[in-house]
Amino acid sequence: MRALMVIAVAIGLMTAAHAPQAVAQGEYSPALQVGDTIITRYQVDQRTRFLTLLGAQDDIRALARRQLINEAIQFKAAETDGVTISQEQIDQGIAEFAGRANVTAEQFLEIPNRAGISEATIRDFFTAGVIWRETVRARFT
């Protein structure tokens, strides 16, 4: 729970730092709402870019939206169950994924950055995967 709070505060601070730009461009305006969770246009755009980089097919924007909706539900389930994860677990998930492509985590994080995808977007993606895995593990083991 504490790790999730730290992540939420960091995202909030990043959003606040870009507030004037956001108002003008609307990129931080809500795109979706899942319960009390707001998913911004920026998050959808970033996830769409990331999925494109990963080679996703078909309607990538719709896939990005579905993933972000599912992740909001998964984060809520983790919160309800009291499941928390550490930064080390997130880093481990990134390293594991990077290893499949025979690169280090640092090298892997550079690739999306060069494509205009924020590191926070990548970390959010892996945080969701790790927290959901731990939530399922806690419920069924």
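This text follows the structure it describes.
Residues numbered from 1 in each chain as written. Predicted model: local features only at pLDDT ≥ 70, side-chain atom pairs only at ≥ 80, totals over all residues. Heavy atoms only, no water.

## Description of the overall build of the protein chain
Test applied: Numbered from the N terminus, helices here are DSSP runs of H or I no shorter than four residues, and strands are runs of E no shorter than two. Only the protein chains shown count as covering a residue, and every accessible area follows the Shrake-Rupley method with a 1.4 Å probe.
Of regular secondary structure, the protein chain possesses 7 helices and 2 strands. From first element to last, N terminus to C terminus, the protein chain shows the α and β order α-α-β-β-α-α-α-α-α. For the protein chain, the exposed area adds up to about 8500 Å²; of that, 56% sits on carbon and sulfur atoms.

## Focus: helix α7 (residues 119-140)
The criterion, for reference: What a helix should span is 1.5 Å times the count of its residues minus one. The classification of residues rests on relative accessible area computed with a 1.4 Å probe and restricted to protein chains. Under 20% of the type maximum is buried, over 50% is exposed, and intermediate values are partly exposed.
Between its first and last C-alpha atoms α7 spans 32 Å; for 22 residues at 1.5 Å apiece the expected length is 32 Å, and the two agree. Among all positions in α7, only Thr121, Ile122, Phe125, Phe126, Thr127, Ala128, Val130, Ile131, Glu134 and Thr135 are buried.

## So, the nonpolar core
Condition: We call a set of buried residues a nonpolar core when its members are Ala, Val, Leu, Ile, Met, Phe, Trp, Tyr or Cys and they connect through side-chain atoms within 4.5 Å of each other. A contact between two residues is defined here by any heavy atoms of the two lying within 4.5 Å.
Formed by 16 residues in total, the largest nonpolar core has its most connected members in Phe50, Ile94, Phe108, Ile122 and Phe126. Of all the secondary structure elements, the ones that give two or more residues to this core are α5 (87-100), α6 (105-114) and α7. Per-element accounting of this core gives the leading share, 5 residues, to α7. Those residues in contact with Phe126 that sit more than four places away from it in its chain are Ile90, Gly93, Ile94, Phe97 and Phe108. If you look at the next biggest cluster of nonpolar residues, it comprises 6 residues, including Leu32, Val34, Val44 and Leu68.

## Points about the pattern of salt bridges
As a reminder of what qualifies: The term salt bridge refers to a pairing of a side-chain nitrogen on Lys or Arg with a carboxyl oxygen on Asp or Glu at a separation within 4 Å.
Using the criterion set out here, one finds 7 salt bridges in the structure. Between Asp45 and Arg61 there is a salt bridge, and its shortest N-O distance comes to 2.7 Å. Linking Asp45 in helix α3 (residues 41-53) with Arg61 in helix α4 (residues 60-81), this pair joins segments that are 16 residues apart in sequence. One salt bridge in this structure joins Arg123 and Asp91, with 2.8 Å as the shortest N-O distance. In this pair, Arg123 sits in helix α7 while Asp91 sits in helix α5, placing the two residues 32 residues apart along the sequence. Of the residues examined, Asp91 reaches a relative accessible area of 33% and is grouped as partly exposed. A cluster of three or more residues bridged by salt bridges with shared partners is formed by Asp91, Glu119 and Arg123.

## Considerations on the packing of aromatic side chains
Test applied: The rule is short: rings of Phe, Tyr and Trp, with Trp giving its six-membered ring, pair when the centres are within 6.5 Å, and they are stacked under 30 degrees, edge-to-face over 60, tilted in between.
In this structure the tally under the stated criterion is 6 aromatic pairs. When the centroid spacing of 5.0 Å and the interplanar angle of 35 degrees are considered together, the rings of Tyr28 and Tyr42 count as tilted. You can see Tyr28 sitting in the loop between α2 (19-25) and β1 (30-34) and its partner Tyr42 sitting in helix α3, a full 14 residues away along the chain. Classification of Tyr28 as buried rests on a relative accessible area of 17%. Given the relative accessible area of 22%, Tyr42 is considered partly exposed. Each ring, one from Phe125 and one from Phe126, has its centre 5.2 Å from the other, and the planes form 90 degrees; the classification is edge-to-face. By relative accessible area, Phe125 is classed as buried at 19%.

## Considerations on the packing of α6 against α7
Between two packed helices, both the angle of their axes relative to each other and the distance between the axes serve to describe the pair. Heads up, the condition is: As a rule, the C-alpha atoms of each element are fitted with a line to give its axis, helices using only the stretch in contact, and angles between N-to-C directions run from 0 to 180 degrees. Under this scheme an angle from 65 to 115 degrees is roughly perpendicular, one under 35 degrees roughly parallel, and one over 145 degrees roughly antiparallel; angles in between are oblique. Two helices cross in a left-handed way if the nearer one is turned anticlockwise from the farther one by less than a right angle. They cross in a right-handed way if the turn is clockwise. Note on residue classes: Ala, Val, Leu, Ile, Met, Phe, Trp, Tyr, Cys and Pro are nonpolar, Asp, Glu, Lys and Arg are charged, and everything else, Gly too, is polar.
Viewed as axis vectors pointing N to C, α6 and α7 meet at an angle of 125 degrees, and their least axial separation amounts to 9 Å. Considered as vectors, α6 and α7 are oriented oblique to each other. Our pair here, α6 against α7, has a crossing hand that is right-handed. In this structure, α6 contributes Phe108, Leu109 and Pro112 to the contact, and α7 contributes Glu119, Ile122, Arg123 and Phe126. Across the contact of α6 with α7, the residue classes tally to 5 nonpolar, no polar and 2 charged.

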